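# Structure assessment
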Amino acid sequence: MDIIGTILWPIKWVVELILVAFHWLFSAMGLDPAAGLTWVLAIVGLTVVVRAALIPIFVRQIKNQRRMLEIAPQLKKIQDKYKGKKDQFSREAMSRETMELYKKTGTNPLSSCLPLLLQMPVFFSLFQVLNGAQGGHAGVGPLNAELAKQFGNATLFGVAPLHQSFQGAMNHNPPQVAVMIIAAIMVVLMTGSQFLTQLQIVSKNMSPETKASPQFRQQRILLYLLPFVFLFSGFAFPLGVMFYWLTSNLWTMGQQFLVIRNMPTPGSDAAKAREARLARKGKLVQADGSVVLTVEESSAQAAPPQKTTTQRSQPVSKNRAKKQAGKK
């Protein structure tokens, strides 16, 4: 019995429903139903729907990260309390106190991985759907045999089948050079977007305390290691799956940019930059409710108001004006 297939069956059904719905929409707008571009746009639409559905979970993840930062000093106290104690009783006590702190504050250290974990079943479901469609096999839901055959024959720019991968194109006889070129470009874009997303977190959105921790050094290593993992694994994915992956990466990069700009980690470089922007606009509010003003605004408020006169000057003749100028 295929346990994984059984678990993924409802997800594959929903994936096919969204994919076919977008394919119908773009076909109704005048695009060729059999064209690769129509199917690519349908995959992009599927990605947008999936990522939009994950926004509430992403917001929850950000809030949990904030709480983790708030309890960091308490976690350090627990770690310092049992520092150097390697007996089983001390390890169990430290683990028990740590879990009690998490429960008391409502934090979960694994929640940062939740959006990625929830995306993986969708990713594998799409992979199976596209792999099945390449042979003209109907899916488990709305992707019938006719649509599957249509997708199996769809090509990008008329030369690159969407079901083909770099590895498959290289082993093809003769090699499909166009597929290899497009796939290589896609892999570079996917790897670059993944690297930039992680780089903006590491360089801008971490507090000095976090940067001084061993976890930061590990994250710096992963920053340069993960792109190589994606670089080599990406060559085995079909072009259709690559478009899902690239669109998802671009969404993540844009979403992360907005979060770092508007909800940065307290104490990070991004938080200082945000405070400077708000101060320039006179919108930075301190904890006591006072508004922080810029230097120009503070000087303007400190300077005494200048007196203005409302006396009207009387007109004078030319001769009188010359006499007054001579007296001066």
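In this report, we go over the structure that sits alongside the text. (Residues numbered from 1 in each chain as written. Predicted model: local features only at pLDDT ≥ 70, side-chain atom pairs only at ≥ 80, totals over all residues. Heavy atoms only, no water.)

## Focus on the overall build of the chain
Spelled out, the test is: A run of DSSP states H or I qualifies as a helix once it reaches four residues; a run of E qualifies as a strand once it reaches two. Both are numbered from the N-terminal end. Categorising residues by exposure relies on relative accessible area from a 1.4 Å probe, with only protein chains included: less than 20% of the type maximum marks a residue as buried, more than 50% marks it as exposed, and the intermediate range marks it as partly exposed. For this analysis, residues touch if any pair of their heavy atoms sits within 4.5 Å.
The secondary structure content of the chain amounts to 15 helices and four strands. Relative to its full complement of 328 residues, the chain shows a buried share of 34%. The long-range fraction of contacts in the chain, counting pairs at least 24 apart against all pairs at least 6 apart in sequence, stands at 65%.

## Some remarks on unusual backbone geometry
A negative phi holds for most residues other than glycine; trans holds for most peptide bonds. Pro 174 follows Asn 173 through a cis peptide bond whose omega is 0°. Mapped onto the secondary structure, Pro 174 falls in the loop between α8 (166-171) and α9 (177-204). Even without a glycine there, the phi angle at Phe 157 is positive, about 60°. Mapped onto the elements of the fold, Phe 157 is located in the loop between β1 (155-156) and β2 (160-161). The exposure class assigned to Phe 157 is exposed, which follows from its relative accessible area of 68%.

## A short note on the nonpolar core
We apply this condition: In plain words, nonpolar cores are sets of buried Ala, Val, Leu, Ile, Met, Phe, Trp, Tyr and Cys residues tied together by side-chain atoms within 4.5 Å.
Core analysis: the largest hydrophobic core is formed by 42 residues, its most contacted members being Trp 39, Leu 143, Leu 162, Leu 239 and Met 242. The set of elements that each furnish at least two residues to this core consists of α1 (3-28), α2 (36-53), α6 (114-133), α7 (145-153), α8, α9 and α12 (239-262). Those residues in contact with Trp 39 that sit more than four places away from it in its chain are Leu 19, His 23, Pro 33, Leu 143, Leu 147, Gln 150, Phe 151, Ala 154 and Leu 162. Membership of the second largest hydrophobic core comes to seven residues, among which are Ile 71, Leu 75, Ile 78 and Ala 93.

## Remarks on helix α5 (residues 88-105)
Inclusion rule: Take the residue count of a helix, subtract one, and multiply by 1.5 Å to get its expected span.
The terminal C-alpha atoms of α5, which comprises 18 residues, lie 26 Å apart, in line with the 26 Å expected from a rise of 1.5 Å per residue. Every buried residue belonging to α5 is among Ser 90, Ala 93, Thr 98, Leu 101 and Tyr 102, and all of these are buried. The first or second residue beyond α5 is Gly 106, which carries a positive phi of 70°.

## Brief notes about the packing of α2 against α12
Two numbers describe a pair of packed helices, the interaxial angle and the distance between the axes. Filter applied, for reference: Working convention: axes come from line fits to C-alpha atoms, limited for helices to the stretch in contact. Angles between N-to-C directions cover 0 to 180 degrees. Roughly parallel means an angle under 35 degrees; roughly antiparallel, over 145; roughly perpendicular, 65 to 115; everything else is oblique. Helix crossings are classified by the rotation of the near helix relative to the far one: an anticlockwise turn of less than a right angle makes the crossing left-handed, while a clockwise turn makes it right-handed. Each residue gets one of three labels, nonpolar for Ala, Val, Leu, Ile, Met, Phe, Trp, Tyr, Cys and Pro, charged for Asp, Glu, Lys and Arg, and polar for the others, Gly among them.
Their axes nearest at 9 Å, the elements α2 and α12 cross at an angle of 40°. On the basis of the axis angle, α2 is oblique to α12. Both α2 and α12 take part in a crossing whose hand is right-handed. Listed contacts from α12 to Val 40, Ile 43, Val 44, Thr 47, Val 48, Val 50, Arg 51 and Ala 52 of α2 are Gly 240, Phe 243, Tyr 244, Thr 247, Ser 248, Trp 251, Thr 252 and Gln 255. Of the residues that constitute the contact of α2 with α12, the class distribution is nine nonpolar, six polar and one charged.

## What to know about a nonpolar patch on the surface
The following threshold applies: Grouping into patches uses exposed residues only, defined as over 30% relative accessible area, and leaves out salt-bridged ones; the cut-off is 9 Å for like charges and 5 Å for nonpolar side chains (Val, Leu, Ile, Met, Phe, Trp, Tyr). Residue exposure ignores everything except the shown protein chains as possible cover, and the areas themselves are Shrake-Rupley values with a 1.4 Å probe. Salt bridges, as used here, are contacts in which a Lys or Arg side-chain nitrogen is within 4 Å of a carboxyl oxygen on Asp or Glu.
A cluster of nonpolar side chains, contributed by Ile 221, Leu 222, Leu 225, Leu 226 and Val 229, occupies part of the molecular surface with about 430 Å² of accessible area. With respect to the helices and strands, the residue Val 229 is situated in helix α11 (residues 214-233). Relative accessible area serves as the criterion here: at 46%, Val 229 is assigned to the partly exposed category.

## Topic: α7
Because the α-helix completes a turn every 3.6 residues, residues three or four places apart line up on one side. Keep this limit in mind: The arc in question is the one spanned by the directions pointing from the helix axis to the C-beta atoms. Identification of polar contacts relies on pairs of N or O atoms within 3.5 Å, with a donor-acceptor requirement for protein atoms, meaning one able to donate a hydrogen and the other able to accept it, and with residues adjacent in sequence counted only if both atoms are side-chain atoms.
Taken together, the buried positions of α7 are occupied by Leu 147, Ala 148, Phe 151 and Gly 152. The buried residues of α7 occupy an angular sector of 140° when the element is viewed end-on, so they sit on one face. Facing away from the buried side of α7 by more than 90 degrees, the exposed set consists of Glu 146, Lys 149 and Asn 153. Its side-chain oxygen at 3.2 Å from the backbone nitrogen of Glu 146, Asn 144 defines the N-terminal cap of α7.

## Regarding the side chain of Ser 193
Counting through the fold element by element, Ser 193 comes out in helix α9. Once residues within four sequence positions are removed from consideration, Ser 193 is found in contact with Leu 246, Asn 249, Leu 250 and Met 253.

## Looking at the packing of aromatic side chains
What counts, and what does not: Within 6.5 Å between ring centres, the rings of Phe, Tyr and Trp (the latter by its six-membered ring) count as paired, and their orientation is classed by plane angle as stacked under 30 degrees, edge-to-face over 60, tilted in between.
Tallied over the entire structure, the rule returns four aromatic pairs. Between Phe 22 and Phe 26 the ring centres are 6.3 Å apart and the planes differ by 25°, which places this aromatic pair in the stacked class. With a gap of four residues between them, Phe 22 and Phe 26 both fall in helix α1, about one helical turn apart. Owing to a relative accessible area of 21%, Phe 22 belongs among the partly exposed residues under this scheme. For Phe 26, a relative accessible area of 15% gives the class buried. Seen from their ring centres, Trp 39 and Phe 151 are 5.5 Å apart, and the 75° between their planes marks the pair as edge-to-face. Of this pair, Trp 39 sits in helix α2 while Phe 151 is found in helix α7, placing the two residues 112 residues apart along the sequence. Among the residues examined, Trp 39 registers a relative accessible area of 1% and is labelled buried. Judged by relative accessible area, which is 1%, Phe 151 ranks as buried.

## Comments concerning the environment of Arg 220
On the secondary structure map, Arg 220 appears in helix α11. Arg 220 gets classed as partly exposed once you look at its relative accessible area, which sits at 32%.

## What to know about the side chain of Thr 247
Inspection of the secondary structure assignment puts Thr 247 in helix α12. On the basis of relative accessibility, which here comes to 17%, the residue Thr 247 falls in the buried class. Side-chain polar atoms of Thr 247 contact the backbone oxygen of Phe 243, separated by 2.7 Å. In this structure Thr 247 touches Val 44 and Thr 47, once residues within four positions along its chain are discounted.

Keep in mind that these numbers describe shape and distance, not what the molecule does.
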